[in-house]
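As a plain string of letters, each chain reads:
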Amino acid sequence: MDSNKKNGMTRRELLRTGTGAAAVTLLAGISPFGLVRAAFGEEKAEPFTFAYLSDAHLYVKNINQKFVDALVKGVQNVNDMNPAPDFVFFGGDLAQLGHPDELKLGKEILSDLKPKLHIMVGEHDWYRDMGETWKTLFGPDRYSFDHKGIHFVVLNSVIVKDYWTPNKMTPEQRMLAMAQLDNPKGEAFTVGEEQRDWLQTDLKKVKSETPVVVFSHSPLYKLYRPWNFWTDDAEEVRKLLSRFKTVTVFHGHTHQVLTNRIGNITFHGFLSTSWPWPYAPKGTPELTLQMDRPDPFFSTDGCGWGIIDMLGSGQADKTYEPWNRSPMKVTYEEIASGKWPPAYPQGSSGPSY
Amino acid sequence: MTIKKGILTSLCITALIVFAGYTGIVFAHGQPHSAQDLKLFEMAYQKAVDQGYKIFHDAKLGTTGQSCDMCHPDAANTHPETYPKYQTQIKKVIGLRDMINWCILNPLKGKELAPDSEEMIALEAYITNQRKGTPLAPGKH
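These numbers were taken from a predicted model, which means no experiment stands behind them. The written sequence of each chain sets the order in which its residues are numbered from 1. The lettering of chains begins at A and the numbering of ligands begins at 1, in the order of writing. Selection of residues for local features in this predicted model requires a pLDDT of at least 70, selection of side-chain atom pairs for listing and counting requires 80 or more, and totals for whole chains, interfaces and linings are taken over all residues.

Remarks on the overall build of chain A
A tally of helices and strands in chain A yields nine helices and 14 strands. When the 353 residues of chain A are sorted by exposure, 44% land in the buried category. Of the contacts formed within chain A by residues at least 6 apart in sequence, a portion of 71% connects residues at least 24 apart. Numbering of helices and strands runs from the N terminus, with a helix taken as a DSSP run of H or I at least four residues long and a strand as a DSSP run of E at least two residues long. Buried residues are those with 20 or more other C-beta atoms within 10 Å of their own C-beta, exposed residues have 12 or fewer, and partly exposed residues lie in between; C-beta atoms are placed from the backbone. Each residue gets a C-beta atom placed from its backbone, and two residues are in contact if those atoms lie within 7 Å.

Regarding the interface of chain B and chain A
Frequently, the measure chosen for interface size is the accessible area removed from exposure when the parts meet. At the junction of the two partners, chain B supplies 13 residues and chain A supplies 17 residues. Ten residue types, Ala, Val, Leu, Ile, Met, Phe, Trp, Tyr, Cys and Pro, are classed as nonpolar, four, Asp, Glu, Lys and Arg, as charged, and the remainder, Gly among them, as polar. Across the side of chain B that touches chain A, the residue classes tally to six nonpolar, five polar and two charged.

Observations regarding the packing of helix α4 (residues 96-105) of chain B against helix α5 (residues 118-130) of chain B
Residue and element names in this part refer to chain B. Closest axis-to-axis distance for the α4/α5 pair is 10 Å, and the angle between their directions is 105°. With respect to their mutual orientation, α4 and α5 come out roughly perpendicular. Here L96, R97 and I100 of α4 lie close against α5, whose contacting residues are M120, L123, E124 and I127. By residue class, the composition of the contact of α4 with α5 is five nonpolar, no polar and two charged. Axes here refer to lines fitted to C-alpha atoms; in helices the fit is confined to the stretch in contact. Angles between the N-to-C directions go from 0 to 180 degrees. Small angles under 35 degrees read as roughly parallel and large ones over 145 as roughly antiparallel, with 65 to 115 read as roughly perpendicular and the rest as oblique.

Considerations on unusual backbone geometry
In the segment running from N82 of chain A into P83 of chain A, the intervening peptide bond is cis, with an omega of 0°. Position of P83 of chain A among the secondary structure elements: in the loop between α2 (65-79) and β2 (87-90). Of note, the bond from Y83 of chain B into P84 of chain B is cis; its omega dihedral lies within 30 degrees of zero at 0°. The residue P84 of chain B is located in the loop between α3 (68-71) and β1 (85-87) in this model.

Looking at the confidence of the model for chain B
Confidence of the predictor at the level of single residues is captured by pLDDT, which takes values from 0 to 100. Residue-level pLDDT values for chain B average 90, and 89% of them are 70 or greater. Interface confidence for the predicted complex, given as ipTM, is 0.84, next to a pTM of 0.85.

Let's talk about the sheet that holds strand β11 (residues 265-269) of chain A
Strands pair in a sheet through their backbones, by hydrogen bonds, and they do so in one of two ways: parallel or antiparallel. All names here are of chain A. Should DSSP find at least two bridges between two strands, the strands are regarded as paired. Within the open sheet, the six strands sit side by side as β4-β5-β6-β9-β11-β10. Their pairing is mixed. The outermost strands of the open sheet, each flanked by one partner alone, are β4 (143-147) and β10 (258-262). The average undirected angle you get between the axes of adjacent strands in this sheet is 20°. Judged from the four bridges that link them, strand β5 (residues 150-154) and strand β6 (residues 212-216) form a sheet pairing that is parallel. Across the sheet, the residue bridging to V153 is V214, located in β6.

Considering α2 of chain A
Residues and elements named next belong to chain A. How far a helix is expected to stretch is found by multiplying one less than its residue total by 1.5 Å. When the terminal C-alpha atoms of α2 are compared, their 21 Å separation across 15 residues agrees well with the 21 Å that a helix rising 1.5 Å per residue should span. Every buried residue of α2 is accounted for by F67, V68, A70, L71, G74, V75 and V78. The buried residues of α2 all sit within an arc of 160° when viewed along its axis, so they share a single face. Facing away from the buried surface of α2 by more than 90 degrees, the exposed residues are Q65 and Q76. Buried residues in α2 make contact with β1 (48-53), β2, α3 (100-110) and β12 (304-310). Directions pointing from the helix axis toward each C-beta atom define the arc.

What about the sheet that holds strand β14 (residues 328-330) of chain A?
All names here are of chain A. Strand order across the open sheet formed by six strands is β3-β2-β1-β12-β13-β14, with mixed pairing between neighbours. The open sheet has two edge strands, β3 (116-119) and β14, and neither has a second partner. Averaged over neighbouring strand pairs, the angle between their axes works out to 20° when direction is ignored. The pairing of strand β13 (residues 316-322) with β14 spans three bridges and is antiparallel. Residue pairing in the sheet places T319 in a bridge with K329 of β14.

Considerations on the nonpolar core
Residues of type Ala, Val, Leu, Ile, Met, Phe, Trp, Tyr and Cys that are buried and joined through C-beta atoms within 7 Å form what is called a nonpolar core. If you look at the biggest cluster of nonpolar residues, it comprises 82 residues, and the most contacted ones within it are A51, Y52, L58, F90, V153, V214 and F215 of chain A. Per-element tally for this core: the top contributor is α2 of chain A, with six residues. Those residues within four positions of F90 of chain A in sequence are excluded, and the remaining contacts are L53, S54, L110, L117, I119 and M120 of chain A. Counting residues in each nonpolar core, the second largest holds 20 residues, with I55, C68, Y83 and L113 of chain B among its members.

Quick notes on the environment of H79 of chain B
With respect to the helices and strands, H79 of chain B occurs in the loop between α3 and β1. It is 15 Å that separates the C-alpha atoms of H79 of chain B and W102 of chain B, two residues lying 23 residues apart in sequence.

A few points about helix α6 (residues 171-179) of chain A
Residue and element names in this part refer to chain A. Every buried residue of α6 is accounted for by R174, M175, M178 and A179. Looking down the long axis of α6, one finds its buried residues gathered within 130° of arc, a one-sided arrangement. On its buried face, α6 sits against α4 (123-126).

Digging into the confidence of the model for chain A
When pLDDT is averaged along chain A, the result is 89, and 87% of the positions lie at 70 or above. Note that residues 1-41 of chain A has pLDDT below 50 and, in this model, 40 contacts with residues that lie over four places away or in other chains.

Observations regarding the environment of D233 of chain A
All names here are of chain A. With respect to the secondary-structure elements, D233 resides in the loop between β8 (229-230) and α8 (234-241). Residue D233 is classed as partly exposed on the basis of its 19 C-beta neighbours within 10 Å. C-alpha of D233 to C-alpha of V191: the two residues are 42 residues apart in sequence and 6.7 Å apart in space.

Some details on the packing of helix α2 (residues 35-56) of chain B against α5 of chain B
All names here are of chain B. Two numbers describe how α2 lies on α5: the axes approach to 7 Å, and their chain directions differ by 95°. It follows from the interaxial angle that α2 and α5 lie roughly perpendicular. Residues Y45, A48, V49, Q51, G52, Y53, I55 and F56 of α2 pack against E119, I121, A122, L123, A125, Y126, I127 and N129 of α5. Here the residues of the contact of α2 with α5 sort into twelve nonpolar, three polar and one charged.

Details of the pairing of β3 of chain A
Residues and elements named next belong to chain A. Where β2 meets β3, four bridges bridge the pair, whose relative direction is parallel. Paired with F89 across the two strands is H118, which belongs to β3. Traced from β2 through α3 to β3, the parallel crossover comes out right-handed. When the strands point away from the viewer and the path from the first strand over the helix to the second turns clockwise, the crossover is right-handed.

Structure, rendered in structure tokens:
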């Protein structure tokens, strides 16, 4: 009879598991540019790092220099990474009003990136000409690729029901309507049936043990409908992903720190280079450790980019790199621990928006 | 005073009082507003709120192509109920309209609005209307 029992474990057992957990956490957290093999779980992939830039919302030159400078800064930050990331992913909304000049400007700035670029479409890129310029400049709006044992899928998850034809809207009117986040007449984002069929076909050749990563501009879950922090057919999309052991979704659009988990899928929202958004009045997932309210007197506060460390398990750690603030790292182990997010300091109810 | 004169004086005073009551000079809010009056007040207010909505969503308020709703969808994160308050970066206590003008001048790089202008009142009407029911918390950081 051990009188030192604590939570049903002897003190020695507690110490052992405590040390073990600490060791794993230390190993997993040692290098932010993750070339460390995580010591837990069967390894299905080779660990590597990639960078995430998103939501540049570029205007044509001479209108908004700040957004241009911000994306240029993001590109420089990525190029300064040592060691270099395996690739860079751009999360959508390169342009603000879908203008060919905006998209060409964006392509020109991104062409300075040294690592390989994979890119995804957002609604601000698409709705002026229904993706014509985008596809000419960047290729298909949905595709997949494999890298170091992980299957990556890139979706166009900003498909909305056609309301511009019955309302006889011009391309510019359509773009402005889609650009207004709080548009009371906004239609919900979807992946759509045609693309879900494409996804199903694409995934047929992927084994269930293979880690899957999905890039999507909209979050692939339902956060807050009035701001289209929403994917209307999210459940159907997630059903197609349900047989896989390890799935991670990386999304843009929300311009804020977001973490969520639904079933077998972990969701990560990333920062914008151009401007931050407040958290929605409701629907922000509990797993999210919210970033503090941005200070408008620092013009890039709340903006930044991100680094993702893909682990040997196929899960992901992420580091937010906000300009004006310290980097914020969130590991998969923390998210899955059941003790995330940590409580706010005593007396505080968290950031007020 | 003759009775005739007295009656005449009383009638005049009564007429004056009735007239004054009607125009609200003497009785002011002793008389409730008519339903039609209240409707007119409400319509005038709503007109200001609607105008405020338009300006709030208008990229031409500034010169960078940005509009207020881009950082503040549905006027979120404007906290009108906390003004006036000490604004650390300006180093003094300011009101909501001062903060509005700061935003127009800085991120939007536009021209400040006159504090008593129709546009400024409209913006305040829209922003505060969006936070209707929120308890006042002046001075809150």
